[in-house]
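Tertiary structure, described
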Amino acid sequence: MADYDFGTIEQKWQDHWTKAQVYQVNEDANKPKYYILDMFPYPSGAGLHVGHPLGYIATDIIARYKRLKGFNVLHPMGFDSFGLPAEQYAIQTGQHPAKTTAANIQRYKEQLRSLGFSYDWSREVQTSDPSFYKWTQWIFKQLFNAYYDTKLDKARSIDDLIAQFKLSGNKEITAVCDEDTPSFTAAQWQGLSPAEQQRTLLKYRLTYIAETSVNWCPALGTVLSNDEVKDGFSERGGHPVEKKKMPQWSMRITAYADRLLSGLDTIDWPEPIKEMQRNWIGKSIGAEMDFQIEGYEDKIRVFTTRIDTIYGVTFLTLAPESELVEKITTEVQKAEVDAYVSWAVNRSERERMSEVKKVTGVFTGAYAINPFNEEKVPIWIADYVLAGYGTGAVMAVPSGDQRDYDFAKHFELPIVPVYENMDMSEQADPTKEGKMINSGILDGLKYSEAIPRAIEFLEEKGIGEKKINFRIRDAIFGRQRYWGEPFPVYYKDGVPHLLSDNQLPNELPEVDKFLPTETGEPPLGRAQDWTTAEGYEFELTTMPGWAGSSWYFFRYMDANNTQEFAGKAALDYWKDVDLYLGGSEHATGHLLYSRFWTKFLFDMGFVSVEEYAQKLINQGMIQGRSSMAYRVNGENKYVSYGLRGNYETTAIHVDVSIVKDDVLDIEAFKRFRPDAADASFELENGVFRCGSEVEKMSKSKFNVVNPDDLIGRYGADTLRMYEMFLGPIEQSKPWNTNGIEGVYKFLRKLWALAHDAKSSFQVTEDSPSKAEFKILYTALKKSESDIDRLSLNTVVSNYMIAVNELQALRCNKRQIIEPLVIGISPFAPHIAEELWHLLGHSTSVVDAAYPPIEEQYLLEDSFEYPVSIN
Ligand code: ANZ
């Protein structure tokens, strides 16, 4: 055998692993299970860059390590393969998204394979595959056929609800439903036509279609969910988004708000993610109360979390959308109010919330009466009040709330303090117990006493009560697009009905173009003869991007089951994900929706866990390290980095592949930038040095590093170790290829340990010395605890130290090399497998056991004592 020939070794073992199905796993009651999962990728056209595999390498290392430690490890991979980019590409090129998606998946799989990952590919899932989305449709059906019982605090079959309606109407029903649900008796229910009954049930179902105000993105031709809109623009593409009313499918996630919140305390997820989910759910405990409008029958109901500040109310504010606005606005104010309302309603929620500094509003001319002191307060309209939150009306307390304060200052409205000697921030802090002043029945009370006293007053007078509000809204569940799951739904008499199970999957039909129809229907409206056998029309929207990803982790447990989404035996065995790794950008999207679906499946008895991922880690981003060459302004001349101070220069991005250790390959640069072909180059110490900048890794910045190139140059084992070596997994860090040589050298040294001067494999059977054992066990032991802490970067250095020390001792003893190879195998599986076989084993190193630590070699039994005199 020659030198360390990574190319041959890696190819050989990848072939062998595939052929021998080394990574296939089955349920095994004799072993503890360990389920480790990566967020599955969307297979984009650009393939993987070095940033993508960071998380995959980490999970692969842990998967391999756990296997050595005796666990039965489930480590699957698949593709989130429905989505907008493939469809946009299809619109531009006419290529069917299924075709481009398949090609992209092929490319991803080759790249993943070349990294030596230990996935069980027999469990691969693709969300766009009918055999997968059949079950997404099936779960949709379960949601449609369920409602939420607030007394039992769980989802139940809609049949139970229908039975209760028949028996006693809906007066005694404890269920989550639309706000505008009318109450009815059993007789009234029986008197409804079947279609009317269906329409009523939609107000209870956990997924329903309703006229909804949505985020409409004209450029993308689709509706976006709240978490896909950032500051009034689409997250994807940055197109303007507007509000529009449309019939839309929604998921009644609000029914689960409280459980989604309390469940956070039971899982080991990063605190920032939990905090984002808490804020998104936005539980607030307060009160609702009525203010009588002067001269009208109508009342304004407000939601407040600070009923204690009721005596500080100096005006009321209504959302511009409020139906009362038109009614109560006086003649004098009308023109101003109309103009303001039409301006305000077109702005998105986020715009309205984020512009804290810009105070806008208008007086209606009407007044309301504060029932605590009978004082008249003016009613204003302000766009900081959201129509969709609370009651859409606020009792404004400028001494207690910053926005009210800014508003009062701007429009010169009075400010009445309600706490003695307290500024606004102290007053907002419930742990500070101030005394109430100017506060009628609350005077002299402390914060903790004032709230219950005020609520008591509301209840006595019958004008309000305690109230819990959630900020979270039901989630829009549909897109006016082609490349997504069709609904298992058809329409009869204008109401939705479900296909039966044996009609699933409802397959995506062919269309001539991937664009809306001339009449503005979604692309599925183009499908020819696409109806049920009886001629009923199908739903024409498709499911949103988050449908498949809300449950895919269960499918991996039993991916080839054709009878169920996953069988009970598999679900009971694998239960939940022990470690989930992925990006933090999904905090209020995928990571919330998937918890919701899991809780629902749990309620209906389909799965045995309420939370599907015990532990979550967010891997950091690998940023690009861009290279810059400095061009002298106004001249066709470039200067080396250290000399740029002598000139006025402009930094120009240089393709990182033509820069090595910051030194530019000038000839390659001239080819890269034809306008530099005749340029002059001022060198320092004989070379042209580039500067660098850390930026997002992107094609436009010429800083994308492709793993395929690095694997070709150094091998996958080096790349794997090097990516880990870059730093802690959770941290974002710039890519820097400069250090990769060091890791490559390390693997060559490891190779050399077991080879003689003529490059022949050679280990001896001699007994190792104490010192040699100590080196080995120090590395193994430290690595074990490092991996348990997920500190993978330090493990790489542990082994570097060990190999250096063993090399110094010229140690090639089997009793050292063998355990060392096992220890390193999760990081560098190919070289480890090769050495393992050279050591005489015929089974894979993944079937070895992690070497037990022999503590006696780690005891310090000789010391050097420093002696100092005086
Ligand atoms: C009086 C008050 C006094 C308030 C005070 C706060 C501080 P969270 O915690 O987010 O639930 N509010 C109520 N409905 C609103 C709406 N539709 N749009 C904008 N703001 C609204 O916030 C509840 C508080 O936000 C409520 O309590 C109300 O102002 C305001 F010292 O009432 B508060």
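Structure: see above.
The text that follows walks through the structure, step by step, so that each part is easy to find. Being a predicted model, the structure only gives us computed values, none of them experimental.

Cut-offs applied
- Residues numbered from 1 in each chain as written.
- Predicted model: local features only at pLDDT ≥ 70, side-chain atom pairs only at ≥ 80, totals over all residues.
- Heavy atoms only, no water.
- 1 Å grid on protein atoms, 1.4 Å probe; cavity = no way out; pocket = protein on both sides within 12 Å on 5 of 7 lines; lining within 4 Å.
- Points joined across faces, edges and corners; volume = space filled by probe spheres on them.
- Helix = DSSP H or I, 4+ residues; strand = E, 2+ residues; numbered from the N terminus.
- Nonpolar A, V, L, I, M, F, W, Y, C, P; charged D, E, K, R; others polar.
- Phe/Tyr/Trp six-rings, centres within 6.5 Å; stacked < 30°, edge-to-face > 60°.
- Buried < 20%, exposed > 50% of the residue type's maximum accessible area, 1.4 Å probe, protein only.
- Pairing = 2+ DSSP bridges.
- Salt bridge = Lys/Arg side-chain N within 4 Å of Asp/Glu carboxyl O.
- Axes fitted to C-alpha atoms, helices over the stretch in contact; angles between N-to-C directions.
- Parallel < 35°, antiparallel > 145°, perpendicular 65-115°, else oblique.
- Left-handed = near helix turned anticlockwise from the far one by under 90°.
- Contact = heavy atoms within 4.5 Å.

To continue, consider the layout of surface pockets. Taken as a whole, the second largest pocket spans an internal volume of roughly 710 Å³. Residue assignment for the lining of the second largest pocket shows that the elements contributing at least two residues are β10 (283-293), β11 (299-304), β15 (393-396) and α14 (402-411). If one sorts the elements of the lining of the second largest pocket by residue count, β15 sits on top with three residues. Per-class residue counts for the lining of the second largest pocket are 13 nonpolar, 10 polar and six charged.

Taken as a whole, this structure holds four cavities of 30 Å³ or more when the rule is applied. Roughly 60 Å³ of volume is contained in the second largest cavity. Along the wall of the second largest cavity there are 13 residues; nearest its centre are Gly83, Arg479, Trp483, Gly484 and Met543. Its residues assigned to classes, the lining of the second largest cavity shows five nonpolar, four polar and four charged.

This next bit is on the packing of aromatic side chains. Under the counting rule described, the total for this entry stands at 71 aromatic pairs. Both rings, one in Phe144 and one in Trp249, keep their centres 6.0 Å apart while their planes meet at 55 degrees; by these two values the pair is tilted. Taken together, the positions of Phe144 in helix α5 (residues 130-144) and Trp249 in strand β9 (residues 242-251) put the pair 105 residues apart, joining distant regions of the chain. Look at Phe144 and you get buried, because its relative accessible area is 3%. Arranged with centres 5.4 Å apart and planes meeting at 25 degrees, the rings of Phe315 and Phe407 form a pair that is stacked.

Let us look at the sheet that holds strand β20 (residues 537-538). Ordered by their spatial adjacency, three strands build an open sheet running β19-β18-β20, and the pairing between neighbours is antiparallel. What marks the edges here is a single partner per strand, and that holds for β19 (495-498) and β20. Bridge count between strand β18 (residues 489-492) and β19: four bridges; the pairing is antiparallel. The partner of Tyr490 across the bridge, within β19, is His497.

Once that is clear, we can look at the pattern of salt bridges. Scanning the model with the defined rule gives 51 salt bridges in all. Where Arg403 meets Asp401, a salt bridge forms, and the shortest distance between an N and an O atom there is 3.8 Å. Judged by relative accessible area, which is 25%, Asp401 ranks as partly exposed. Linked by salt bridges that have partners in common, Arg259, Arg595, Lys599, Asp603, Glu610 and Glu611 make up one network.

Attention shifts here to the packing of helix α23 (residues 716-725) against helix α24 (residues 740-753). At their nearest, the axes of α23 and α24 sit 9 Å apart, and the two run at 125 degrees to each other. The orientation of α23 with respect to α24, classified from their angle, is oblique. Classified by chirality, the crossing of α24 by α23 is right-handed. On α24, the residues touching Asp717, Thr718, Met721, Tyr722 and Phe725 of α23 are Ile740, Val743, Tyr744, Phe746 and Leu747. Classifying every residue of the contact of α23 with α24 gives eight nonpolar, one polar and one charged.

All quantities given are derived from atomic positions and should not be read as evidence of function.
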